[in-house]
Amino acid sequence: MSSSKLSISTAPFLKEKETTPNIMLFVVYTLLPVLGVSFYYFGLSAVMITLTAVFSCMLTEWMFNKSGDKLKSLKDGSGLLTGILLALTLPPGFPLWMVFVGGVAAIGLGKAMWGGLGQNVFNPALLGRAFLQSAFPTAITTWSDPNGGYFSFRGTNLALPLFQGEPVDAVSGATPLAQMKFEKVSTDWIELLIGNVGGSLGETCGAILILMGLFLLLKGIIKWRIPLAIILTVSIFSGIFYLIDPEIYPSPIFMLLSGGMLLGTIYMATDPVTTPLTSKGGWIFGIGVGILIVLIRIWGGLPEGVMYAILLMNAGTPLINRFAKTRVYGHKTTK
Amino acid sequence: MSSSSTYSGKTRTFSHGIHPEEYKELSSDCTIQRMPFVEEYMLPLGQHIGGPSKLIVTKGQKVNRGEKIADASGFVSVALHSPVDGEISDIGIFTNPNGQVLPGVKIKTDPYSTQVMEEKPRDLDKMDAATFVNEVQSSGIVGLGGAAFPTHVKFAIPEDKNCKYIMLNGCECEPFLTADHRVMAEWPEVIVDGINILNRFAKAEKAYIGIEANKPDAIEALKKVAEKNDFPIEVIALKVKYPQGAEKMMITAILGEEVPSGKLPLDLGVLLCNVGTIAAISDWFRKSKPLIERVVTITGTAIKNPSNLLIPIGTPMKDVIDYCGGITDDSPRILLGGPMMGAIQKSLDIPVIKGTSGILILTQNEVRSLDEYNCIRCAKCVDACPIFLNPSALGLLAKKGLWEDMMEYNIMDCFECASCSFVCPSSIPLVQSFRVAKGMLREQAMRDKAKEAKEAEETKD
């Protein structure tokens, strides 16, 4: 601001230093180790899918931005975050052109259409993935083996636009969740923590996700209520079935460490925009997500339910906000 | 973060609130100094909440220090006195703090004016509660915490209500300000004496003095005097948290009860008063000294010598600044009051008035406007609001101008402490828009009332 500019403002004249772009960037920084692990397991594919998703999200953000300051919504860092999160939910062998379509859907349908940052009902990254799931159901359920070398592509990464493409690698590994669902074979929890299993780019390594989640909690970027509510609900709900028949039903530990459970709980179910404001609302949201995850995983047609569980509860968030109001000081009830 | 030291004992507090940087160390160790007389004083007639005072002097008339120059114009109004010996030099319309242009009077100081006044105790033994209230009104005393609400109105306890506790507010939770701190540390006997005078008529069970823990010397000083007092006075250390000094927050911290929405502290039996105000009460009844001067903190990062000064009411701001060594920044931001609830000033051609608790001279680096982003519903404001409102939802409604819907979210309970705007990472002007909304709603209510009255009259005809 130049010194000659007349600035008229009203109190307060002090301000906490934390800003929205800082918060977004901080979350992006915590995703860098996750991306690193993803590169370790899925090599060049991880890098290319992430770059494509980020590019596509930022480009869409820029195109949809109608405000005078063309770069403003790029500056807030939310597009970058959505791009990385979307990439982390995709299979390693996913065609890059489909990733691009997913990025456009995430920002276009998931955010810009609602009025930009803060206005959307659904988590943009998950909405983009849901779009891809319904548009390309085969490609998004084709998994690659985690050990395929650093500098090679996986699956159908390089498929020409509008084509499915032929996979470049022969090995295709099923995810632990699919093995559980269709073959009733459980995966050892240590494997799930280390991440040497099939799955989406960012979801396989449980250890790094737990570490980053704790870091975000410690820094106060995410709140503990929703993750705790989800984890408790999933443990208790799936634990009951496990106790009834451990042969058919997965153990709670397997439930917590497999699939997108950790990635979704730490990075998507804590998205402030699409989750309830109050602590009471947070509990309702978390318990709802937990129940839906178990219901979809055990009885649904799909092996994985985290994405739809969060999206469904996103849809319920405006309603939860309306009912889970706080009691105002000096009032007897929560009217 | 904190100034030199903190009280180490147990503290009480309310839930929610914020922790802005304190900046108190700039002036917390500066003892109260008397500001010398200047050439001319400017006294606006409306320095308090309520009707402006009614002038009783004419141009050219000689007045003495402490002499009444204006009467109260109604019950919610107070008298006004000359701070110096001198001559009424002008009666007219002058610029006031916050850019208001109001009628006022100028007094040219007699070069031989002395600060000494005849000290004449008032006869308390012959006074009943009603005369006590009249006395306070004619002393010109208003709340010195910043709101400038006539003190006698508070002291006039209605028949159906009863004062159980006298509570003194010594929190001074606004960053930078240290005036109350110094008053408590240096004049504890005067404060306790003021309580005793008030209690002759309030007949409370007990008095509390609430002080934030960042003023250990004030806590110690008052504890020492309170111990020896016949009437029980408990000094309570409160946690350093903003807005601890808001009356509702202080009552909740000390009594553990909430003031019901739309009610007054007196409904809980609490008579609440600022520490500086009670010291002024003692001055009036023991020395017949009306409210003609007050302690003001002059501080900030752009003033040469931060100080706590006893300033005659009506002293031009620029003389105060000069006395403190001047401003060290080319384009300073000048605030009256604290940085959380104070108001920015465009000129220094304004006087210190009864409600001036602090003058802050800041640099542009501190008073900066940041880029505003969309609300990301992070709920930081929800966790900060001391009265548990939902500023996030209110902010979205305010942006759309849905004032009536804001009523449902209890906007009228908001007392504009600005904690929400302080924490908002998107720099949304939350409290700023709430002020507008409350103004609009009050105006609408007035219009509705007028319309109703008109309709009632028409049907009568």
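Residues numbered from 1 in each chain as written. Chains lettered and ligands numbered in written order. Predicted model: local features only at pLDDT ≥ 70, side-chain atom pairs only at ≥ 80, totals over all residues.

Peer 1: Which residues make up the overall build of chain A, and what are the values?
Peer 2: Tallying secondary structure elements over chain A gives 13 helices and zero strands in all. Ordered by position from the N terminus, the helices and strands of chain A form the series α-α-α-α-α-α-α-α-α-α-α-α-α. Relative to the compact-globule value of 20 Å for 335 residues, chain A shows a C-alpha radius of gyration of 21 Å, a close match. Along the three orthogonal principal directions, the C-alpha set of chain A runs to about 65 × 50 × 30 Å. Residue burial in chain A is summarised as follows: out of 335 residues, 51% are buried. (Helix = DSSP H or I, 4+ residues; strand = E, 2+ residues; numbered from the N terminus. Rg over C-alpha atoms; globule rule 2.2 N^0.38 Å. Buried ≥ 20, exposed ≤ 12 C-beta atoms within 10 Å, placed from the backbone.)

Peer 1: Requested: an account of the packing of helix H3 (residues 78-88) of chain A against helix H5 (residues 124-135) of chain A, with residues and values cited.
Peer 2: If you want to describe how two helices pack, look at the angle between their axes and the distance between the axes. Residue and element names in this part refer to chain A. Remark: H3 packs on H5, axes separated minimally by 8 Å, with the N-to-C direction vectors making an angle of 45°. Taken together, the axis directions place H3 and H5 in an arrangement best described as oblique. In terms of crossing hand, the pair formed by H3 and H5 is right-handed. Residue-level inspection shows Thr 82, Leu 85 and Leu 86 of H3 in contact with H5, the latter providing Pro 124, Ala 125, Gly 128 and Arg 129. Here the contact of H3 with H5 is composed, by residue class, of four nonpolar, two polar and one charged. (Axes fitted to C-alpha atoms, helices over the stretch in contact; angles between N-to-C directions. Parallel < 35°, antiparallel > 145°, perpendicular 65-115°, else oblique. Left-handed = near helix turned anticlockwise from the far one by under 90°. Contact = placed C-beta atoms within 7 Å. Nonpolar A, V, L, I, M, F, W, Y, C, P; charged D, E, K, R; others polar.)

Peer 1: An account of the confidence of the model for chain A is requested, with residue identities and associated values reported.
Peer 2: Counting all residues, the mean pLDDT for chain A is 88, and 93% of those residues have values of 70 or more. Taken together, the stretch residues 1-5 of chain A has pLDDT below 50 and engages in four contacts with residues farther than four places along the chain or on a different chain. (pLDDT = per-residue confidence, 0-100.)

Peer 1: How would you explain helix H1 (residues 20-64) of chain A if you had to name every residue and give the values?
Peer 2: Side chains three or four residues apart in an α-helix point the same way, a direct result of the helix having 3.6 residues per turn. Helix length check: H1 of chain A, at 45 residues, gives a terminal C-alpha distance of 20 Å against a target of 66 Å (1.5 Å per residue), a shortfall beyond 12%. By the largest-angle criterion, Phe 42 of chain A marks the main kink of H1 of chain A, which is about 135°. (Expected span 1.5 Å × (residues − 1). Bend = angle between axes of the 7 residues up to and from the residue.)

Peer 1: Let's hear about the nonpolar core: which residues, and what values?
Peer 2: All names here are of chain B. Judged by nonpolar contacts, the single largest core of 146 residues is most densely connected at Ile 166, Met 167, Leu 168 and Ile 191. Looking at which element gives the most residues to this core, the answer is helix H4 (residues 188-202), with eight residues. Shared between two domains, this core holds at least three residues of each, these being domain 1 (33-110 + 290-362) and domain 2 (380-460). Here Ile 191 is in contact with Met 184, Leu 222, Val 275, Ile 278 and Ala 279, once residues within four sequence places are set aside. (Core = buried A, V, L, I, M, F, W, Y, C linked by C-beta atoms within 7 Å. Domains from an automatic or database assignment.)

Peer 1: I'd love a proper account of the domain arrangement of chain B, names of residues and values included.
Peer 2: Taken domain by domain, chain B comprises domain 1 (33-110 + 290-362) and domain 2 (380-460). Taking the mean C-alpha position of each, domain 1 of chain B and domain 2 of chain B sit 32 Å from one another.

Peer 1: Before we move on, could you go through the pairing of strand E5 (residues 68-71) of chain B and cite the residues and values that matter?
Peer 2: Residues and elements named next belong to chain B. Of the strand pairs in this sheet, strand E3 (residues 54-55) and E5 are connected by two bridges, and their pairing is antiparallel. Across the sheet, residue Leu 55 finds its bridge partner in E5, namely Ala 70. Both E5 and strand E6 (residues 80-81) contribute to a ladder of two bridges, which runs antiparallel. Across the sheet, the residue bridging to Lys 68 is His 81, located in E6. (Pairing = 2+ DSSP bridges.)

Peer 1: Hey, could you go over the domain arrangement of chain A for me, with residue numbers and the actual values?
Peer 2: Residue and element names in this part refer to chain A. For chain A, the assigned domains read domain 1 (20-173) and domain 2 (175-327 + 331-335). With centres defined by C-alpha atoms, the gap from domain 1 to domain 2 works out at 21 Å. At the junction of the two partners, domain 1 supplies 33 residues and domain 2 supplies 33 residues. Secondary structure elements with two or more residues in the side of domain 1 that touches domain 2: H1, H3 and H5. Looking at which element gives the most residues to the side of domain 1 that touches domain 2, the answer is H1, with 12 residues. Grouping the constituent residues of the side of domain 1 that touches domain 2 by class yields 24 nonpolar, seven polar and two charged.

Peer 1: Give me the lowdown on the interface of chain A and chain B, citing residues and values where you can.
Peer 2: Many structure descriptions define interface size as the accessible area lost when the parts assemble. In this complex, chain A contributes 30 residues to the contact, which on the side of chain B involves 45 residues. Along the lines of polarity and charge, the residues of the side of chain A that touches chain B split into 12 nonpolar, 13 polar and five charged.

Peer 1: Go over unusual backbone geometry, please, and point to the residues and values.
Peer 2: Of all residues except glycine, most have a negative phi; of all peptide bonds, most are trans. Of the consecutive residues Ala 11 of chain A and Pro 12 of chain A, the connecting peptide bond is found in the cis state with omega at 5°. Within the secondary structure, Pro 12 of chain A is located in the segment before H1. Cis geometry marks the peptide bond from Tyr 242 of chain B to Pro 243 of chain B, where omega comes out at -5°. Positive phi, normally seen in glycine, also occurs at Ala 379 of chain B, with a value near 70°.

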